[in-house]
Amino acid sequence: MQFYGHIINGEEVPSLDGATMPDIDPYTREPWATIACGGKADADRAVAAAREAFDHGPWPRMGFEKRQQLMHRLADLMEEHRDELAMADTRDMAKPITQAQHDVTRSILNVRFFADHARQSTSDTYPMDSGHHAYSRWEPVGVAVAISPWNFPLMLGTWKVMPALAWGNTVVWKPAEDTPVSATILGRLAIEAGFPPGVLNIVHGYGPDSAGSALTENPDVDRITFTGESGTGKIISGVAARNLTPVSLELGGKGANIIFDDADLDNAVHWAVEAIFRNAGQVCLAGSRLYVQSGIFDEFMTRYKAAAEALVIGDPKDPATQFSPALASEEHFTKVAGYLGTESLGGGRILTGGLGEGWGVRPTIITDAPADARVIKEEIFGPVTVATRFDTEAEAVALANDTRYGLNAMVFTENLSRAHRAAARLKAGTVWVNCFFIRDLRAPFGGVGDSGVGREGGNFSREFFTEPKAVVMQIDQEG
Ligand code: NAD
């Protein structure tokens, strides 16, 4: 079985104590790789390497253009290894291969986008009447720690790591323990691309009392960017506060998908399926609460149910597979399956779906659940949507906002004014109108409430990964 190590100081290394963890393919339910399992000593070693590379190495000093070139070289190597990268995520979490390939494309874009964005960025000048000249500089902060979840292993890792690097920081990335392989491959490619030692470090391991918590406790860390569960975000926020380390938190969601009766039904059904069944609903942005206006409820549900039942479930490695036959791990399957029990349904009924084979849950639609049912209140993070009928626009917005989360919402309507009204009133970091999942990497990305703290993307990532400095100069008025 192939071994995947940590990447520390420009080398692939085992854990200091030799510890390893098995990497389970959730489709076969068998181990398919062996992974170095890091603890505090490995995390500290990685932070020390990043610290040294930042304080004395060439990366923060080489300038934007040279960093941009190295990052594009990395992106070129990712293109060459795209099949290997995609298959790694498919084996690690049973993601259908076509979706994993799409994630690799997005990951490569993350590298190229942030390399170019930093290179093209401008700073501000502040004309002063007093005979002084003031301007701002965006300076790298130092060592950034990135901790990522398992649902988009390479895509979310690169989303956090690449802006930090582009702005001249050094990084320690801890990928999720369930999906480690694509990270090590990326680390190997960064070495091949010529990244100086210590610039991109990758430590594998678990979260609590392991590599993850050690990284968040380390006082030599200057920024922590975390994507994962809201509960974990609260723990990390508390730990980071002890060192006054700024955190960016991208957390859970319970996205509302509102279909008005004037919507283009073909389009709405298409996106409603994508919104909850893509990646088997293991998506923070999932449209897991579906609100459909009364006039079209029955017709919409008939078409939606048929579309859900038509999804091709098969071997995730087969390009014909549209829907994953297994959730990402046994632990996660157990959690999602628990939501299909009577107590969580709270009186709701399963219109279609339910448990599949192995660790699988089929595309599941629930109706008639009361607003306080657990399936409506809690993030299930699986292929389970709960459909509710509404009558008025005000009612739809109120239902959508009745959540502790606020990551995203979707609105389907052909009424322009209604679309803008709803977009303004919905409590969410992103509102999609007549679409879903489309992103511009310059736009703010993040959530309100329990969905997170801060924004990433474009200038928002710049603000997190840099320290803005004001420089004020006196200009002699006599020449
Ligand atoms: P998780 O919080 O269990 O783990 C995420 C990462 O944090 C893993 O690498 C884990 O090892 C690490 N970790 C866990 N406890 C830690 C601790 N005490 N200290 C340091 N690190 C720790 O989340 P998950 O189950 O991997 O991911 C699913 C969650 O992520 C869902 O809630 C989903 O909504 C959320 N998510 C959010 C976004 C977003 O952009 N807002 C994107 C994807 C996923």
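All of these numbers come straight from a predicted model, not from anything done at the bench.

(A) Region of interest: the packing of helix 2 (residues 64-80) against helix 5 (residues 153-166). As a packed pair, helix 2 and helix 5 sit with axes 11 Å apart at the nearest point and diverge in direction by 160 degrees. When the axis of helix 2 is compared with that of helix 5, the two are roughly antiparallel. The hand of the helix 2/helix 5 crossing is right-handed. On helix 5, the residues touching Phe64, Arg67, Met71, Leu74 and Met78 of helix 2 are Leu154, Thr158, Met162, Leu165 and Ala166.

(B) Spotlight on empty space enclosed by the protein. Applying the stated criterion across every chain yields a total of three cavities of 30 Å³ or more. Considering only enclosed or pocket space, the largest cavity measures out at about 70 Å³ in volume. What lines the largest cavity is a set of 15 residues, among which Arg289, Ala400, Thr403, Asn408 and Lys427 lie closest to the centre. Residue assignment for the lining of the largest cavity shows that the elements contributing at least two residues are helix 14 (393-401) and strand 18 (408-412). Tallied by class, the residues present in the lining of the largest cavity amount to seven nonpolar, five polar and three charged. Each pocket or cavity is described by its volume, and for the second largest cavity that value is around 60 Å³. Taken together, 13 residues form the lining of the second largest cavity, with Val283, Ala286, Ser288, Glu379 and Phe381 sitting closest to its centre. Looking at side-chain class alone, the lining of the second largest cavity contains six nonpolar, five polar and two charged residues.

(C) Quick peek at the site of the ligand. Around the ligand, a shell composed of 30 residues is seen, among which Ser148, Glu177, Thr232, Leu251 and Glu379 lie nearest. Between the ligand and Leu251 there is a distance of 2.7 Å, counted from a nitrogen atom to a backbone nitrogen or oxygen. Here the ligand loses 92% of its free accessible area of 850 Å² to cover by the protein chains. Mapping the ligand onto the cavity grids shows that it belongs to the largest pocket. A per-class count over the shell around the ligand returns 15 nonpolar, ten polar and five charged. Counting residues domain by domain, the shell around the ligand receives three or more from each of domain 1 (2-251 + 451-471) and domain 2 (256-433).

Calculation notes
- Residues numbered from 1 in each chain as written.
- Predicted model: local features only at pLDDT ≥ 70, side-chain atom pairs only at ≥ 80, totals over all residues.
- Heavy atoms only, no water.
- Axes fitted to C-alpha atoms, helices over the stretch in contact; angles between N-to-C directions.
- Helix = DSSP H or I, 4+ residues; strand = E, 2+ residues; numbered from the N terminus.
- Parallel < 35°, antiparallel > 145°, perpendicular 65-115°, else oblique.
- Left-handed = near helix turned anticlockwise from the far one by under 90°.
- Contact = heavy atoms within 4.5 Å.
- 1 Å grid on protein atoms, 1.4 Å probe; cavity = no way out; pocket = protein on both sides within 12 Å on 5 of 7 lines; lining within 4 Å.
- Points joined across faces, edges and corners; volume = space filled by probe spheres on them.
- Nonpolar A, V, L, I, M, F, W, Y, C, P; charged D, E, K, R; others polar.
- Near = heavy atom within 4 Å.
- Polar contact = N/O pair within 3.5 Å; in protein donor to acceptor, adjacent residues only side chain to side chain.
- Areas by Shrake-Rupley, 256 points an atom, 1.4 Å probe, with all protein chains shown as cover.
- Sits in = over half its atoms within 2 Å of the grid points.
- Domains from an automatic or database assignment.

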